[in-house]
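Architecture and fold: a report
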Amino acid sequence: MDFDDQLRRYFGTADLATLSPDALADGTDRIRVDLGLERDRNRRFALWALLHILGSAPALDVAFEDEADREAARNFMDLFAADQE
């Protein structure tokens, strides 16, 4: 799953800085719907990670049934936070 491709799929552009707040909210809603429908663990994690990057990820216990997936998400959040510092 290429990051820019996903941005284009949900937002129509890979440059989020060009989006209006409404367009950003609409794309984020589409990702959340797809997250709720997705059954493949890897794709589900990728969608959740994209939502986390956008600051709109659901809580781990809501997004992931499996504890291993929740732990992977915690690791991702730690790595992402460290990269932002």
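In this text the structure is predicted, and so the values were computed from the model without any measurement.

**Side note on the overall build of the protein chain**
A count of helices and strands for the protein chain gives five helices and zero strands. Going residue by residue from the N terminus, the α and β elements of the protein chain occur as α-α-α-α-α. Here the C-alpha atoms of the protein chain give a radius of gyration of 13 Å, agreeing with the 12 Å that 2.2 N^0.38 yields for 85 residues. Overall size of the protein chain, expressed as C-alpha extent along the three principal axes, is 35 × 35 × 20 Å.

**Considerations on the packing of helix α3 (residues 41–53) against helix α5 (residues 67–84)**
Interaxial distance between α3 and α5 falls to 11 Å at its minimum, and their mutual angle equals 35°. Crossing geometry of α3 relative to α5 is assigned as right-handed. Across the interface between the two elements, Arg-41, Phe-45, Trp-48, Ala-49, His-52 and Ile-53 of α3 pack against Ala-68, Asp-69, Ala-72, Ala-73, Phe-76, Met-77 and Phe-80 of α5. Looking at side-chain class alone, the contact of α3 with α5 contains ten nonpolar, one polar and two charged residues.

**Quick look at the nonpolar core**
Of all hydrophobic cores here, the largest spans 15 residues; its most connected members are Tyr-10, Phe-11, Ile-31, Trp-48 and Phe-64. For this core, the secondary-structure elements that each account for two or more residues are α1 (3–11), α2 (21–37), α3 and α4 (60–63). Counting residues per element, this core draws most heavily on α3, which supplies five residues. Sequence-distant contacts of Ile-31, that is, excluding residues within four places in its chain, are made with Tyr-10, Phe-11, Leu-47, Leu-50, Leu-51 and Leu-54.

Reading guide: rules and limits
- Residues numbered from 1 in each chain as written.
- Predicted model: local features only at pLDDT ≥ 70, side-chain atom pairs only at ≥ 80, totals over all residues.
- Heavy atoms only, no water.
- Helix = DSSP H or I, 4+ residues; strand = E, 2+ residues; numbered from the N terminus.
- Rg over C-alpha atoms; globule rule 2.2 N^0.38 Å.
- Axes fitted to C-alpha atoms, helices over the stretch in contact; angles between N-to-C directions.
- Left-handed = near helix turned anticlockwise from the far one by under 90°.
- Contact = heavy atoms within 4.5 Å.
- Nonpolar A, V, L, I, M, F, W, Y, C, P; charged D, E, K, R; others polar.
- Core = buried A, V, L, I, M, F, W, Y, C linked by side-chain atoms within 4.5 Å.
- Buried < 20%, exposed > 50% of the residue type's maximum accessible area, 1.4 Å probe, protein only.

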